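What follows is the residue order along each chain.
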Amino acid sequence: MPCYITYTNETTHHLIREALPRSPLYSGKINSTGPRYCPSIEDKVVRFADKDRHQIFLEPEGLQTKEIYCNGISTSLPEDVQWEVVHSIEGLENAMIMRPGYAVEYDYVSPLELYPSLETKKIRNLFHAGQINGTTGYEEAAAQGLMAGLNAIRRVKGEDPFVLKREEAYIGVLIDDLTTKGVDEPYRMFTSRAEFRLFLRQDNADIRLMKYAHEMDLDDGLYKECLKKKNRLFAVKKAVKEKKADEDMIQLCAKENINITKGTSLESILRRPQISDTLADELLLQVEEAHEADEVERKQIAMEIRYDGYMERELAKTKRRQQSLELAIPKDFPYEKVHGLKFEARQKLMKVRPVSIAQAARIPGVDPSDIDILLLHLASKKASA
Ligand SMILES: Cc1cc2nc3c(=O)[nH]c(=O)nc-3n(C[C@H](O)[C@H](O)[C@H](O)COP(=O)(O)OP(=O)(O)OC[C@H]3O[C@@H](n4cnc5c(N)ncnc54)[C@H](O)[C@@H]3O)c2cc1C
């Protein structure tokens, strides 16, 4: 069904600003921290005061109803203000509100009270998953539900807890962050929270995790297929490493106006940014072993070869981070001037003013990617001192 887009405007923002003292979130009636990444319309108007409009998606609730979900104007303002706000928006001048918006203040159990298996430390055999652990989001809740359910069953069977590592899966990053750093606002999973984000991909999920499904007898025979695939990928990559450009490859590249010289390694050719996906596939097929792999697998191989250098860099960064934990951060460190820090990280670093990289890394919301940026900045300051 079609969805529509409209925008708030200056009148909307004026109405909201006038009504702020009546908002439970601003009057102090509720003092919890709202979800940073799904702010209410009053939050947006206050936090992004320089914006003169905010986008709203109008999404039909279903085929049998005239009800429309207004995505982008969640609010806890009083009902009379909500009517005025809605009517101030272009296209909604005559809209009827079927159910006014409201805010829910959730309680949560500190995830520091959990083992990495998601069992509570205080009550044996009780497992917690989802937003009760201070997270927000569908995937965050589902991922924890999977792990808590799995570990509850393993307990019943007398088996050891099953814990995924940070370098194996986003689930590992999520649960490790929760149970070691705790939360000071609703936690959301981001790729930047992972040290090895180039390695944690959909296309290699089977290679990363199928062995566990197999160990738990849940793989339905897929593990065997997965091992075969792993061997196929390995064989092609090995052959690519050894393959040098010949006349056929020179011709193929010439079609895209790319000059290569005889004897150049195929691996280095595939890494050139100008090579299109189609050409990469044609070049790969110059290797006999690649004919054993299907198109999806060949795409994966080409991508892994392209990103190989970046993945090595990722590993090097992790090593550097671990070696730099003791590094001191000056008290007056100018976080506001450091480019590239996440907004959330900058805010928390300025509040805590950690004395070392180790302390910075323990702050909820400060991720490995933020630490890398801090290290770069500290190194450049040292060099210029
Ligand atoms: C308006 C809104 C929009 C959102 N939009 C998004 C979005 O776009 N993307 C996103 O990723 N996340 C979104 N979220 C967040 C996401 O919905 C939640 O974080 C997630 O659903 C939490 O899942 P959960 O299983 O932990 O809790 P819930 O889904 O709240 O499940 C808890 C369940 O327990 C039941 N329950 C409570 N007490 C009892 C009891 N005593 N006995 C038995 N049952 C009980 C409840 O009825 C409920 O079914 C949104 C949330 C809201 C409110």
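Residues numbered from 1 in each chain as written. Predicted model: local features only at pLDDT ≥ 70, side-chain atom pairs only at ≥ 80, totals over all residues. Heavy atoms only, no water.

1. Overview of the sheet that holds strand β1 (residues 4-7)
The following threshold applies: Pairing between strands is defined by DSSP: at least two bridges between them are needed. Runs of E in the DSSP output that reach at least two residues are strands. Runs of H or I that reach at least four are helices, and both are numbered from the N terminus. Fitting a line to C-alpha atoms yields each axis, with helices limited to the stretch in contact; the angle taken between N-to-C directions then spans 0 to 180 degrees.
In spatial order, the strands read β1-β2-β3; together these three strands make up an open sheet with antiparallel pairing. In this open sheet, the two edge strands, each paired with only one partner strand, are β1 and β3 (68-71). Neighbouring strand axes in the sheet, compared pairwise and without regard to direction, differ in orientation by 30° on average. Bridge analysis of β1 against strand β2 (residues 55-60) gives four bridges, and the strand direction is antiparallel. Within the sheet, the bridge partner assigned to Y7 lies in β2 and is Q55.

2. Some words on the pattern of salt bridges
As a reminder, the rule being used: For this analysis, a salt bridge means a side-chain nitrogen from Lys or Arg found within 4 Å of a carboxyl oxygen belonging to Asp or Glu. The cut-offs for exposure are 20% and 50% of the maximum accessible area for each residue type, with area from a 1.4 Å probe on protein chains only; residues under the lower value are buried, those over the upper are exposed, and the others partly exposed.
With the rule as written, the count across this model stands at 34 salt bridges. Put simply, R155 and E119 hold a salt bridge, and the shortest N to O gap is 2.7 Å. On the criterion of sequence distance, the pair formed by R155 in helix α5 (residues 138-156) and E119 in the loop between α4 (79-87) and α5 is long-range, its members being 36 residues apart. Exposure remark for R155: the relative accessible area of 24% places this residue in the partly exposed category. Shared partners join several salt bridges into a network, and the residues in it are R36, D184, E185, R193, K342, E344, K348, D367 and D370.

3. Considering the layout of surface pockets
Our working rule: Buried and open spaces are told apart on a 1 Å grid over the protein atoms alone, a cavity being a set of points where a 1.4 Å probe fits but cannot get out and a pocket being an open set with protein on both sides within 12 Å along at least five of seven lines. Residues with an atom within 4 Å of a point are the lining residues. Grid points are joined across faces, edges and corners, and a volume is the space filled by probe spheres set on the points. Gly is put with the polar residues, along with every residue not named as nonpolar or charged; the nonpolar set is Ala, Val, Leu, Ile, Met, Phe, Trp, Tyr, Cys and Pro, and the charged set is Asp, Glu, Lys and Arg.
By volume, the second largest pocket amounts to about 650 Å³. Contributing to the lining of the second largest pocket are 24 residues, with F199, K237, E304, D308 and M311 lying nearest its centre. Elements that contribute at least two residues to the lining of the second largest pocket include exactly α7 (205-215), α8 (222-242) and α12 (295-323). With eight residues, the top contributor of residues to the lining of the second largest pocket is α12. Tallied by class, the residues present in the lining of the second largest pocket amount to eight nonpolar, three polar and 13 charged.

That's the geometry; what it means functionally is another story.
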